[in-house]
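Survey of secondary and tertiary structure
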Amino acid sequence: MENNYAYVQETAEKNGSIVGGIVGALIGAAIGAVLWAVVGMLGYIASIIGFVIAFLASKGYDLCKGRQGKGKVVILIFAVLFGVLLGTVLPDIAYLVQGIAAGEFVITYGEIPSLILGLVLFDSEYQAAILHNGGMGLLFAALGAFALLRKTGKEVQDPKLTYLD
């Protein structure tokens, strides 16, 4: 029976797709980033949202048939980082969209990414705010996602054999 399990596990590892897993993890993390942004716009940072981002990234990875191996943990870590950083910037994007819609800003929607990038690169106050909010977000995400990433690491690690004398 154990031989069948090992065969099924090996087949699943070989049949999965790294690219599909990356896409799924990023989509899941982006969905979590929206939740992170909503909570952030309400004035809070919650570690449970970090867990949610990791959970959604993992679900996205699995739903898109990502390869079940050691690379999964690394991909999930980067997806969580992406989700938190996106969630940190999304409130600013929402503010700009609302301002454009109300006629308060004389930029177009298409200029928002370059404006945000310019602020990140050249505005020291914005850099400090992003580093503070993003750093706090990453800290709480790490705390919230640690257990899930540890569990995933154990699930994908190679089986260990112990020889008994």
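For the structure, check the block above.
First, a word on scope: everything that follows refers to the structure included in this document.

1. Some words on the packing of helix H3 (residues 47-63) against helix H4 (residues 71-101)
One way to put it is that H3 packs onto H4 with a least axis distance of 9 Å and a crossing angle of 130°. Here H3 lies oblique to H4, going by the angle between them. Seen along the crossing, H3 lies across H4 with a hand that is right-handed. Within the contact between the two elements, H3 uses Ile53, Ala54, Ala57, Ser58, Tyr61 and Asp62 and H4 uses Lys72, Ile75, Leu76, Ala79, Val80, Gly83 and Val84. Partitioned by chemical class, the residues of the contact of H3 with H4 number nine nonpolar, two polar and two charged.

2. Section: the side chain of Ser58
Within the secondary structure, Ser58 is located in helix H3. Given the relative accessible area of 9%, Ser58 is considered buried. Once residues lying within four places of it in the same chain are set aside, the contact partners of Ser58 are Lys72, Leu76, Leu148 and Thr152.

3. Looking at the packing of aromatic side chains
The tally for this structure, following the rule as stated, stands at two aromatic pairs. Between Tyr95 and Phe105, the ring centres sit 5.7 Å apart and the planes meet at 70°, which makes this aromatic pair edge-to-face. Separated by ten residues along the polypeptide, Tyr95 in helix H4 and Phe105 in the loop between H4 and helix H5 (112-122) bring together distant segments of the chain. For Phe105, a relative accessible area of 25% gives the class partly exposed.

4. So, the nonpolar core
Counting 18 residues, the largest nonpolar core has Ala25, Ile53, Ala57, Leu76, Val80 and Val84 as the members making the most contacts within it. Taken together, the elements giving at least two residues each to this core come down to helix H2 (18-41), H3, H4 and helix H6 (124-156). If we ignore the near neighbours within four places in the chain, the residues touching Ile53 are Ala29, Gly32, Ala33, Trp36, Val80, Gly83 and Val84.

5. Details of unusual backbone geometry
Positioned with a positive phi, Lys65 is a non-glycine residue whose angle comes to about 60°. As for its placement among the helices and strands, Lys65 is situated in the loop between H3 and H4. When its relative accessible area of 61% is taken as the criterion, Lys65 is described as exposed.

6. Quick notes on the packing of H2 against H4
H4 packs onto H2 with a crossing angle of 40° between their chain directions and a minimal axis gap of 7 Å. Compared by their axis directions, H2 and H4 come out oblique. Pair H2 / H4 crosses with right-handed handedness. In this structure, H2 uses Ile18, Gly21, Ile22, Ala25, Leu26, Ala29, Ala30, Ala33, Val34, Trp36, Ala37 and Met41 to contact H4, whose residues at the interface are Ile75, Leu76, Ala79, Phe82, Gly83, Val84, Leu86, Gly87, Thr88, Leu90, Pro91 and Ala94. Broken down by class, the residue content of the contact of H2 with H4 amounts to 20 nonpolar, four polar and no charged.

Reading guide: rules and limits
- Residues numbered from 1 in each chain as written.
- Predicted model: local features only at pLDDT ≥ 70, side-chain atom pairs only at ≥ 80, totals over all residues.
- Heavy atoms only, no water.
- Axes fitted to C-alpha atoms, helices over the stretch in contact; angles between N-to-C directions.
- Helix = DSSP H or I, 4+ residues; strand = E, 2+ residues; numbered from the N terminus.
- Parallel < 35°, antiparallel > 145°, perpendicular 65-115°, else oblique.
- Left-handed = near helix turned anticlockwise from the far one by under 90°.
- Contact = heavy atoms within 4.5 Å.
- Nonpolar A, V, L, I, M, F, W, Y, C, P; charged D, E, K, R; others polar.
- Buried < 20%, exposed > 50% of the residue type's maximum accessible area, 1.4 Å probe, protein only.
- Phe/Tyr/Trp six-rings, centres within 6.5 Å; stacked < 30°, edge-to-face > 60°.
- Core = buried A, V, L, I, M, F, W, Y, C linked by side-chain atoms within 4.5 Å.

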